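# Per-entry structural report
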Amino acid sequence: MIRPSSFFQVFKEHPLMAVYPTDTTATTGFPNEDYLIFNQPNTALLSLVLMMGTFFIAFFLRKFRNSRFLGGKARRIIGDFGIPISILVSVLVDYSITDTYTQKLNVPSGFSVTSPDKRGWFISPFGDKQPFPTWMMGASVVPALLVFILIFMETQITSLIVSKKERRLIKGSGFHLDLLLIVILGAICPLFGLPWLTAATVRSVTHVNALTVMSKATAPGEKPMIQEVKEQRLTGLLVAVLVGMSIVMTDVLRLIPLAVLFGIFLYMGVTSLTGIQLYERITLMVTPAKHHPDHIYVTKVKTWRMNMFTIIQLTCIVALWVVKSTVVSLAFPFILILTIPVKMFLLPRIFSAREMACLDSEDAEPKLDERECLDEYSEMQMPV
């Protein structure tokens, strides 16, 4: 049986047909097991409703925090627990519809290895079933280098996003400790067949956002600023403990449809786009110039050159996605490294240093020396 790895796989396993077979025992004499899993009427449609319903409920409760209903404390509580509320509502809807099949979360019973019939808890680095060739130990340096590049870059990218200057973080040395723990656990986990640990970008950013304290706007039109971030490890520890306690909640977790999880993933992806300059520049490509905001990469860079930079970035992202989705996915780290010379040597030949500072700066608002510019008005865009 094929387990859907994406939401599109659900529609492949349960296609919408004009006529569905009703008698599966006529030819075999017993119920067809494949029919009980595949070609179920309304499965794809119900999965779509559950996914979009979970997404919209969580997104609505997120926006409800800034509404005028109820008190401020009640709105914050509802907004903070929007995802659990959306999951609970969707699970109740799925549980109430008993005549339509939806695939649930596959949770093993008890605490054991993934395949007890194939291996035990400990995997010998010198070979489990047969001796490991000596020459292959040296050849393993190549795939190990690829894994190192992926884990290192994912960890550092997450650290850069979280430790932006506008967040005003103080305990920056904690990121180095996290990298040290990831490296140590990366050497221990393979001995037990466990996956490598990496920084979860979306979860880490969401965690920091939840600990961020914003200032209250006092003047009309003033945007709230970040006052501080409650830097501590207690919430991360509690999250890890609760994840570990999930092994005693298998009966409850089996009631969650995979479509609900797809809705949560969609919500996390959409909400994470806020504040990303690339996403904002993509929306500006289809926005009239008179409605462009007063961002520095809009006022200091011409529109067509800003769009050219955005297209180059999108081309690199598409190339990375194509490599990752094909049989040459092992070359993904090398392709990722090739984006470094593109930025260091190719882009400076197309864009000036001033434009690069506006379009691809580490700071949200880079400080530009106006005296380096020959004519400030030549860089201003013509009002439309």
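Please refer to the structure higher up on the page.
Predicted, not measured: the structure shown is a model, and the values here were computed from it.

## Examining a nonpolar patch on the surface
Taken together, the side chains of Phe111, Trp121, Leu234, Leu237, Leu238, Val241, Leu242, Met245, Ile247, Val248, Met249 and Val252 define a hydrophobic patch exposed on the protein surface, amounting to about 1200 Å² of accessible area. For the nonpolar patch, the element with the most residues is helix α10 (residues 234-244), which contributes 5 residues. Mapped onto the elements of the fold, valine 252 is located in helix α11 (residues 250-253).

## Considering the packing of helix α3 (residues 43-64) against helix α5 (residues 82-96)
Put simply, α3 and α5 touch, their axes get as near as 8 Å, and they point 150 degrees apart. Classified by the angle between their axes, α3 and α5 sit roughly antiparallel to one another. α3 and α5 meet at a crossing whose hand is right-handed. Residue-level inspection shows Leu46, Leu50, Gly53, Thr54, Ile57, Ala58 and Leu61 of α3 in contact with α5, the latter providing Gly82, Ile83, Ile85, Ser86, Val89, Ser90, Val93 and Asp94. Looking at the contact of α3 with α5, its residues break down into 9 nonpolar, 5 polar and 1 charged.

## Topic: the environment of threonine 198
Mapped onto the elements of the fold, threonine 198 is located in the loop between α8 (173-188) and α9 (201-210). For threonine 198 and threonine 155, which are 43 residues apart along the polypeptide, the C-alpha to C-alpha distance reads 6.4 Å. In this view, threonine 198 contacts Ile151, Glu154 and Ile182; residues no more than four positions away in its chain are not counted.

## Remarks on the side chain of arginine 281
The residue arginine 281 is located in helix α13 (residues 277-284) in this model. If we skip the residues at most four places from it in the chain, arginine 281 touches Tyr297, Met306, Phe309, Thr310, Gln313 and Leu359.

How each quantity is defined
Residues numbered from 1 in each chain as written. Predicted model: local features only at pLDDT ≥ 70, side-chain atom pairs only at ≥ 80, totals over all residues. Heavy atoms only, no water. Patch = residues over 30% accessible without salt bridge, like charges linked within 9 Å, V, L, I, M, F, W, Y side chains within 5 Å. Areas by Shrake-Rupley, 256 points an atom, 1.4 Å probe, with all protein chains shown as cover. Salt bridge = Lys/Arg side-chain N within 4 Å of Asp/Glu carboxyl O. Helix = DSSP H or I, 4+ residues; strand = E, 2+ residues; numbered from the N terminus. Axes fitted to C-alpha atoms, helices over the stretch in contact; angles between N-to-C directions. Parallel < 35°, antiparallel > 145°, perpendicular 65-115°, else oblique. Left-handed = near helix turned anticlockwise from the far one by under 90°. Contact = heavy atoms within 4.5 Å. Nonpolar A, V, L, I, M, F, W, Y, C, P; charged D, E, K, R; others polar.

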